[in-house]
Structure formats: C-alpha cells, structure tokens
Amino acid sequence: MKRKANVDYQQVGKEYLEHRQLRRGAAGWVLLAGLGVAYVISGDFAGWNFGLAEGGWGGLLIATVLMATMYTCMVFGLAELASAIPVAGAGYGFARRALGPLGGFATGVAILIEYAIAPAAIATFIGGYIEALGLFGLTSSWPVYLACYIIFVGIHLYGVGEALRLTMVITGIAVVALIVFVVAMIPQFSVDRLFDIEPTTAAGANDFIPFGYAGILGALVYGIWFFLAVEGVPLAAEEARDPAKDMPRGIITAMLILLGFAALMLVFAPGGAGSSTIAESDNPLPEALRTALGGGTWVADFVNYVGLAGLVASFFSIVYAYSRQLFALSRAGYLPRFLSMTGSRKTPYLALIVPGTIGFLLAAITKNGALLINIAVFGATVSYVLMMLAHIVLRVREPGLERPYRTPGGIVTTSVALVLAIAAVVATFFVDELAAAITAGIFVIAVAYFWFYSRHHLVASAPEEEFAAIQQAESELS
C-alpha cells in the first residue's frame, strides 16, 4: 500500500490486468469517425425539436450556434488530449492527469451519467417511432426498450470489432434517411413556417424569439442534442490502431459531418412543416413530412422506418461508450473492481450489462425522453467544464508533454468551450430543476463513495494512474 496526495494505492499482480484487457488495433480513423457520428445521429431524428417549444425557431437557432461553437472548440481540445494520453478512460484520464484523483473521478462520473442515461432516452424515442408505425400492435413501449438492451448489449458482448463495423452500417443507413428527408422537404420550405409560434409576453419576445431571452437559455439544452456524445470517440483509444493519428482525424471528421446535418435539420424540418407542428413530437421528422406533404406518403414511411436506424445507431454506440468509461473507472479502483472484468472476447461484460439493466428500468419506469435527455445533458456539460479545464491546466503546467496533435488556438480555443459549457450547466437548472436535482444527487453519492472508500483502494498499475505517476516522477526530477 502506498499513499500519495491523500489517496492510497494498492499493488496488484499481473493477472489483475490480464483479466481486464481490451482488443488492440480494432479501429482505424474511419471507424472512429463513424463511431462519432453514430453516437450523435439520433439527435437529428428526435430530441432537438423540444428546443422549439422552449425558445422558438430563433431561440433554438441561437442556442444551436452557441453549442456548435462549444463542441467544435472542445473537439479540437479533445483531439490533442486523446493523442497525448491515449487511454480508455478518455475524459476521466485527461482530468486525472491535470486535476488529480478527485477531479478525474468527478469527470468520469459525469461522463458515465451522460452515457448511461442517454441510451434510456433514445430507447423512448425508438418506442415512439415504432408506435407511430403501428408495429407489433404495441400499446406500451417497454418491450421495445427491453429488446433494444438485450439485442444490442448482446452484440457488444460478442466483440468490439464486429460491433463497430455493424455501427458503421447502421449509421450509413441513417444518413440515407436524413438525405431523403432533406430532399423531400426542400420544395416545401417557407421562411414563414419557421416563425409560426406566437410571441409571448416574456422579456425580449418577438417573432424571431417568441419566448424572449429566457427561451434562448432554455433551448441550449436541446441545441446540445445535435452533438451530444461526440466527445466519446477518445474512449476507443486503447482499441485504436494508431491513437496519435487516428483519434484527431476521427473525432474532427465526425464533428464536421454533424455540423452539416444539424444545419439541415434545423432549417428544413420546421421550415417545411412549421415549428409549432414538431415542437413537442417524439418522431418529428416523419410528422414533419406527413404535415408538409399532406398525409401519409411513402417518403414519410421510409424516413420513419429507416429513421429507426439513426436511433439504433446512437443507442448501440453509446452502449459501447458507457461500458468503456465504467471499465476504466473500475479497473483503476474508483468503482468496484469486478465491473472491469473482461471475457475471452476482450469485452467488459459486467460494464455492459449493469448500466444496461439500470437504463432499461429508467426508460420503462419514467417513459419520459425529455427528462432523461436533461439528466444526460447535465452530466455531459459538467464533464465538458472539467475536460476543458484539464486541457488548459496541462498546457500551462506541462508544456513539454508530447502532443502529436495540437489544438488550433491553444487554450484560447478551449477557454471559449469552457465558458459556453458553464453557461450550458446553468441552463439545465432553468430548463428542468428535477433533472438537475437528480444528477446532483448522483454526484453527491459518488463523491461520498470516493471519499470514504475508493480513494483508499486505487490501483497503482492502471494506465491512468501510471500516466500520473510518470508525470510526478518527471516533475520531481526536474
């Protein structure tokens, strides 16, 4: 047992890490870019439209531009961190190096909240799309939620290479659906339909921002949904072929694709059907097509059926993300160690199954996609603050750290992301106090667990801890 900076490290035998190994070299930059798009693409099919009910089209436009700026700046920062510190813990590993064990753990918990809750929200949207199609005669969506978790967690248990390749195929199908949607809506577009929500009496309200200035703040959460989880690409670092080169290429390419689709959805969905029509819909794209084209058409049915692929792609890929984050925290001793055990196919089976069970129960009990989105977004925005702070701290404190990729603009770029992330955290309190309270409660429990137990049982040989130990040794030598 060794004690450093108020935490205790335990030495473990080589068999400990032998039972906690991922498959190396499973993903190149193209698969990583596909993974990044897959994480997010469900946000183009559902979720973002709730921002129309909060801020109107103008409010959501401003919110989306701000969040697009935040994510773009953040992705450049994460590309640098992932190339310099290529570990499965990703954001937790970056923050662990810069902010110490507590800062790393807090970041990891925030990311885990985001990734464990987001699939539950997506499952409710999948149920909404299936009910809209009248499939299987379902009057309740809980069997859909259960099927999603059993099938897609099962595929991940089979192997990471197979799972990532299947993700690419599903994502490609979803992209086709988005392109068909845009082509069908272009002839129906009218600027007037963007502004068909009546202005309220709120401060600053007008036709452009019908809910006033407060509506812009409220819409920030839903502007995030266009990009939420793209930051999860670095979680595949230990399974990438060449992390130093593949990570920056993969995550930046994914972000560029997502920016394009966000702009197309934000303009042509409400511009073709009307902002008021889709503001509170669980399946906004098919509903927009049916409204714009006058009833049921083959295009609406096509987008509805194939649109399920977009929701499935994000569900499927975020399952991968939560398992790797939980795996890394468990392997290092921050969470119970048994959760990081891997099987013969080098997949962390308990890290896949346990959060999946919790997610299914949340979806089945709440059946509230909007609430689950807000919980996930709160966790995400907290992690963004901490990860950008980590980038800034490492640039200042460790200028000599080998960085195969360097963020354009350096800490100025990540400072912009940091400020906008703080604004997004504040926005979550205004939009959904219950979601913010639930997430804050989870944080309190997690920090108490760290303080009273896990900080006394960390694993010295975990990659994230070894990175920190090397840095401390170098610092002492200098």
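A quick note: this is a predicted structure, and the numbers were derived from the prediction, not measured.

Chemist: Describe the overall build of the protein chain, listing the residues and the values that go with them.
Modeler: Looking only at helices and strands, one finds 18 helices and 3 strands in the protein chain. When the 478 residues of the protein chain are sorted by exposure, 61% land in the buried category. Considering only residue pairs separated by 6 or more positions, the protein chain has 84% of its internal contacts joining residues 24 or more positions apart.

Chemist: Provide a residue-level description of the side chain of glutamine 325, including the pertinent values.
Modeler: Looking at the element boundaries, glutamine 325 is found in helix H13 (residues 298-331). Taking relative accessible area as the criterion, glutamine 325 reaches 0% and is therefore assigned buried. Excluding its chain neighbours within four sequence positions, the residues that come into contact with glutamine 325 are Gly89, Tyr92, Gly108, Ile111, Leu112 and Leu235.

Chemist: Lay out helix H17 (residues 433-452) with the relevant residues and their values.
Modeler: With 20 residues, H17 should reach 28 Å at 1.5 Å per residue; the first-to-last C-alpha distance of 28 Å fits that figure. Where H17 is concerned, the buried positions are Ala435, Ala436, Thr439, Phe443, Ala446 and Phe450. In an axial view of H17, the angular spread of the buried residues amounts to 95°, which keeps them on one side of the axis. With respect to the buried face of H17, the exposed residues turned more than 90 degrees away are Glu433, Leu434, Val444, Ile445 and Phe452. Residue aspartate 432 occupies the N-cap position of H17, its side-chain oxygen lying 3.2 Å from the main-chain nitrogen of leucine 434.

Chemist: Which residues make up unusual backbone geometry, and what are the values?
Modeler: The phi torsion at alanine 229 lies on the positive side, around 95°, for a residue other than glycine. The residue alanine 229 is located in the loop between helix H9 (212-224) and helix H10 (243-273) in this model. For alanine 229, a relative accessible area of 1% corresponds to the buried category. For lysine 367, which is not a glycine, the phi torsion comes out positive at approximately 50°. Within the fold, lysine 367 resides in the loop between helix H14 (349-366) and helix H15 (369-397).

Chemist: Lay out the packing of helix H2 (residues 29-40) against H13 in plain terms, naming residues and giving numbers.
Modeler: One way to put it is that H2 packs onto H13 with a least axis distance of 7 Å and a crossing angle of 115°. Judged by the angle between their axes, H2 and H13 are roughly perpendicular. Handedness of the crossing formed by H2 with H13: left-handed. In contact with Leu35, Ala38, Tyr39 and Val40 of H2, H13 contributes Ala313, Ser314, Ser317, Ile318, Tyr320 and Ala321. Of the residues assigned to the contact of H2 with H13, the class counts are 8 nonpolar, 2 polar and no charged.

Chemist: Give a description of the packing of aromatic side chains that names residues and reports values.
Modeler: Per the counting criterion, the structure on display carries 20 aromatic pairs. Seen in terms of ring centroids, phenylalanine 50 and phenylalanine 125 are 6.3 Å apart; in terms of plane orientation they differ by 35°. Their pairing is tilted. Of this pair, phenylalanine 50 sits in helix H4 (residues 50-84) while phenylalanine 125 sits in helix H5 (residues 91-133), placing them 75 residues apart in sequence. The same class applies to phenylalanine 50 as to phenylalanine 125, namely buried. Here tryptophan 57 and phenylalanine 208 contribute two aromatic rings whose centre-to-centre distance is 6.4 Å and whose plane-to-plane angle is 80°, an arrangement assigned as edge-to-face. With tryptophan 57 in helix H4 and phenylalanine 208 in the loop between helix H8 (191-194) and H9, this pair connects stretches of sequence that are 151 residues apart. Taken together, the ring pairs in this structure connect Trp48, Tyr71, Phe226, Phe227 and Tyr384 into an aromatic cluster. Seen from the ring of tryptophan 451, arginine 455 lies directly overhead, with NZ or CZ sitting 3.8 Å from the centre.

Chemist: So, the nonpolar core: which residues are in play, and what are the values?
Modeler: Soluble globular proteins tend to bury their nonpolar side chains together. Ranked by size, the top nonpolar core spans 166 residues in total, and within it Trp48, Tyr71, Ile126, Phe181 and Leu285 carry the most contacts. Element by element, the count of residues in this core is highest for H5, at 23 residues. When sequence neighbours within four positions are dropped, the list of residues in contact with leucine 285 reads Asp44, Phe45, Trp48, Tyr129, Leu178, Phe181, Met265, Ala269 and Val303.

Basis of the calculations
- Residues numbered from 1 in each chain as written.
- Predicted model: local features only at pLDDT ≥ 70, side-chain atom pairs only at ≥ 80, totals over all residues.
- Heavy atoms only, no water.
- Helix = DSSP H or I, 4+ residues; strand = E, 2+ residues; numbered from the N terminus.
- Buried < 20%, exposed > 50% of the residue type's maximum accessible area, 1.4 Å probe, protein only.
- Contact = heavy atoms within 4.5 Å.
- Expected span 1.5 Å × (residues − 1).
- Arc of directions from axis to C-beta.
- Polar contact = N/O pair within 3.5 Å; in protein donor to acceptor, adjacent residues only side chain to side chain.
- Axes fitted to C-alpha atoms, helices over the stretch in contact; angles between N-to-C directions.
- Parallel < 35°, antiparallel > 145°, perpendicular 65-115°, else oblique.
- Left-handed = near helix turned anticlockwise from the far one by under 90°.
- Nonpolar A, V, L, I, M, F, W, Y, C, P; charged D, E, K, R; others polar.
- Phe/Tyr/Trp six-rings, centres within 6.5 Å; stacked < 30°, edge-to-face > 60°.
- Lys NZ or Arg CZ within 6 Å of the ring centre and 35° of its normal.
- Core = buried A, V, L, I, M, F, W, Y, C linked by side-chain atoms within 4.5 Å.

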